[in-house]
Amino acid sequence: MSTTSPAWYLRRLRGMSAGEVLHRVEDWGRHRTWAARQVRPGDDLPLHVPGLLPERSFTATLPDGLAREVSPEAAECLLAAANRILAGHHVLLGFPRPDIADPDWFRDTATGRRAPQDTYAFRIDHRDEAVTGNVKAVWELSRHHHLTVLAAAWWLSGDERFAVAVAAQLRSWWAANPFLSGIHWTNGIEVGLRLVSWVWVRRLLDGWSGAAELFEDNPVALHQLRWHQEYLAALRSRGSSANNHAVAEAVGRFAAACAFPWFAESPAWRDEAARDLEKTLVANTFPSGVNRELATDYHRFVSELGLVALGEGARAGFPLGTDTCRLLVASLDAAAALVDVAGRPPRQGDGDEGRALLVDDAERDPWGIALGAGAAVAGRLAWWPAVPDSVAGVVLGALAGQTEVPGRPTSRPTAYEDAGIHLLRTPHGDDPEIWCRLDGGPHGFLSIAAHAHADALSAEVRCDGVEVLVDPGTFCYHGDPEWRRYFRSTLAHNTIEVDGSNQAVEGGPFLWSTRADATVSACERSAHRHSVTASHRGYARFDPTLVHERTVELDSRARTVTFHDRLSAAGPRTLRLAWHVGPQVDVEVLEGEARLRWHTGLSGAGSGVLQLPAALSWTAHRGETDPVLGWYSPRFGVRTPCTTLLGSGGWRGELALTTVLRVTSAPTTGPGRDLLVEGLAVGGGDT
């Protein structure tokens, strides 16, 4: 599905308000007039930097001796990561970057293509892989998270190698990417996140003999700082694009204006950024604290951005407002409440491993690091999970100080009704834990729901930290349209697909033309039972009477999770009910049921039986590519085969289906990793 065709542009236009269209026309006019301001690589820069104040120094430093508060484990992990970078061992979004010690800032190592460097930024079609390669991979390196890791390594160790490497790479990037030249000036979120990284590089290198020469006494750096802030002051994500991008842009502007107040416009940039940030955080967050994109990874990302802004404002003497702090702490409490017994969050919607600030080993659990930083700033409640020691927790806690917010939950919430997220889990101490998430809320955020999946009424089930029934994840954004379509499709989720179509109509890789909003109609709890009922009408475009209703019931005493699906339609329809089994689970399919076993739970091995509705015809799939089916993405850029049990059938009028997952504590006997279907081994696929 092309994102450069006239049809795509028409679909995209339909998702905009009149006000947004007007703003985009203004931006288009600015793109045309700014062409005369482009600076090309190799051009001589004027010695005079507009608006530069004569007196400037860096005062947004960390407290003396703070590095000694970092735990030995966190320091060791960080230093090992920094040494790997210097040695050229680095993986970015699933692909090796052997050039990380001396990067080509424009090369996509996955395709071998090189994005434009000299072309005027707004004449580059970053949606066309033939022009840019996988643009996500190209952009990611220039967020400079690896440079904050190296700077943190210098801060912890005083090893000159790390500081020298940071300085060399920044000078390389600044020389290769002058104002409005090349791919790295095409997207505001990249500009904002780069500013955050530069603030922290300067902060962490404070005390290094070359820090001032690299930043405040360096005309090239000063030009770049001004260009980045000018760009974000003029070009912002608005309307249907004002999701996490708008938050990141505002945080970048705010952080730079607070830490680098070296320009005549700095106070105005800071105040305007603060207003935009507080407005966009409210717009992007439900009152409960859950991120409105309903993409779990972006909940963490936006929470991290809020923590960064909280620290910058506190350090500069311009703290964020009380209501914003309260909302940010609510988002941290929600993040703590959603995780399972192993500390893993749900996998709802898109996730691309975005980070607001990286000062720890990138391979450490990002959710745990974010919660650790949140605990350092807001305080860890008694029901929160344990959080790891981290560099981020130490530095953000020192910068922001303790934020006291009254009225926080005294026990762990299980429902976020405004977001439609319901958790059914066994009582604390009733081990091994059964954890289930039901999606009973809005399709996504704003008119295009860019990071939503067609997953209404889908569920995840975990036992003892093992993913038994899984959400597929994301895998990719750009470059693999067939895989992008699959991973966000209804068929890829544990829910029901009707007439071979998604619950919502896909308009592009980040665009839904219709919505499949779900609503919860009942929630009942007793000592040992918890049930939630929700429904959606996403298929009303086929038949206004077509409704899918699902009740999920957890019986903690019987150790069962039961799914009651009810469908109604006026005419004849076909359906497919999918159950995606996690890659850590072995599956044996017998008549009417699937026997499951796993060996990696926190308490050891476990097993279960999935009783399947007899009204459907069941097949098993694993790692198939024509068509794509039976896949799981543990992280962005990586996919691995998993077992998909697919029940097919048809109905007219009313149809009721019941699936029961019964969990036991000891493994059943059965085959190995290969799947058995009536004696036939089904395997295949590639990791």
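Model, not experiment: these values are computed from the prediction. (Residues numbered from 1 in each chain as written. Predicted model: local features only at pLDDT ≥ 70, side-chain atom pairs only at ≥ 80, totals over all residues. Heavy atoms only, no water.)

## Examining the overall build of the protein chain
Working step 1: Within the protein chain one finds 17 helices and 25 strands.
Working step 2: Along the first, second and third principal axes, the C-alpha set of the protein chain runs to 80 × 55 × 45 Å.
Working step 3: The proportion of buried residues among the 687 residues of the protein chain is 60%.
Working step 4: A separation threshold of at least 6 residues defines the contact pool for the protein chain, and within that pool the share at least 24 residues apart is 73%.
Working step 5: Positive and negative side-chain charges of the protein chain, numbering 67 and 82 respectively, have mean locations separated by a distance of 3 Å. (Helix = DSSP H or I, 4+ residues; strand = E, 2+ residues; numbered from the N terminus. Buried < 20%, exposed > 50% of the residue type's maximum accessible area, 1.4 Å probe, protein only. Contact = heavy atoms within 4.5 Å. Lys, Arg positive; Asp, Glu negative; His and termini not counted. Charge placed at Lys NZ, Arg CZ, Asp CG, Glu CD.)

## Observations concerning the confidence of the model for the protein chain
Working step 1: Looking at the protein chain, the pLDDT average stands at 94 and 96% of residues meet or exceed 70.
Working step 2: Residue range residues 667–687 is modelled with pLDDT below 50. Its contacts to residues more than four positions away, or to other chains, number 55 contacts. (pLDDT = per-residue confidence, 0-100.)

## A short note on the side chain of T285
Working step 1: Relative to the helices and strands, T285 resides in the loop between helix 12 (266–284) and helix 13 (296–316).
Working step 2: Accessibility expressed as a relative area gives 8% for T285, which makes it buried.
Working step 3: A distance of 2.7 Å separates a polar side-chain atom of T285 from the backbone oxygen of L281.
Working step 4: Leaving out residues up to four positions away in the same chain, T285 has contacts with V290, N291, R292 and L327. (Polar contact = N/O pair within 3.5 Å; in protein donor to acceptor, adjacent residues only side chain to side chain.)

## A look at the pairing of strand 22 (residues 638–641)
Working step 1: Inspection of the sheet shows strand 21 (residues 631–635) paired to strand 22 by three bridges, in the antiparallel sense. Each residue of the ladder has a partner; that of R635, found in strand 22, is V638. (Pairing = 2+ DSSP bridges.)

## Re the pattern of salt bridges
Working step 1: What the rule picks out here adds up to 52 salt bridges.
Working step 2: R143 is paired through a salt bridge with E140; the nearest N and O atoms lie 3.7 Å apart. There is no split in this pair, since R143 and E140 are both buried.
Working step 3: Put simply, R462 and E460 hold a salt bridge, and the shortest N to O gap is 2.9 Å. The same class applies to R462 as to E460, namely buried. (Salt bridge = Lys/Arg side-chain N within 4 Å of Asp/Glu carboxyl O.)

## Thoughts on the packing of helix 11 (residues 244–259) against helix 12
Working step 1: The geometry of helix 11 relative to helix 12 is characterised by a closest axis approach of 8 Å and an angle of 150° between their N-to-C directions. Considered as vectors, helix 11 and helix 12 are oriented roughly antiparallel to each other. The chirality of how helix 11 crosses helix 12 is left-handed. Contacts from N244, A246, V247, A250, V251, R253, F254, A257 and C258 of helix 11 reach helix 12 at S266, W269, R270, E272, A273, A274, D276, L277, T280, L281 and N284.
Working step 2: For the contact of helix 11 with helix 12, the residue count by class is twelve nonpolar, four polar and four charged. (Axes fitted to C-alpha atoms, helices over the stretch in contact; angles between N-to-C directions. Parallel < 35°, antiparallel > 145°, perpendicular 65-115°, else oblique. Left-handed = near helix turned anticlockwise from the far one by under 90°. Nonpolar A, V, L, I, M, F, W, Y, C, P; charged D, E, K, R; others polar.)

## Description of unusual backbone geometry
Working step 1: With an omega of -5°, the peptide bond running from D431 to P432 counts as cis.
Working step 2: Examined against the element boundaries, P432 turns out to sit in the loop between strand 4 (421–425) and strand 5 (434–439).
Working step 3: Here the residue pair D626 and P627 is connected by a cis peptide bond, since its omega of 0° sits within 30 degrees of zero.
Working step 4: If you trace the backbone, P627 turns up in the loop between strand 19 (624–625) and strand 20 (628–629).
Working step 5: Of note in this structure, L446 is not a glycine but carries a positive phi near 65°.
Working step 6: Topologically, L446 is positioned in the loop between strand 5 and strand 6 (459–463).

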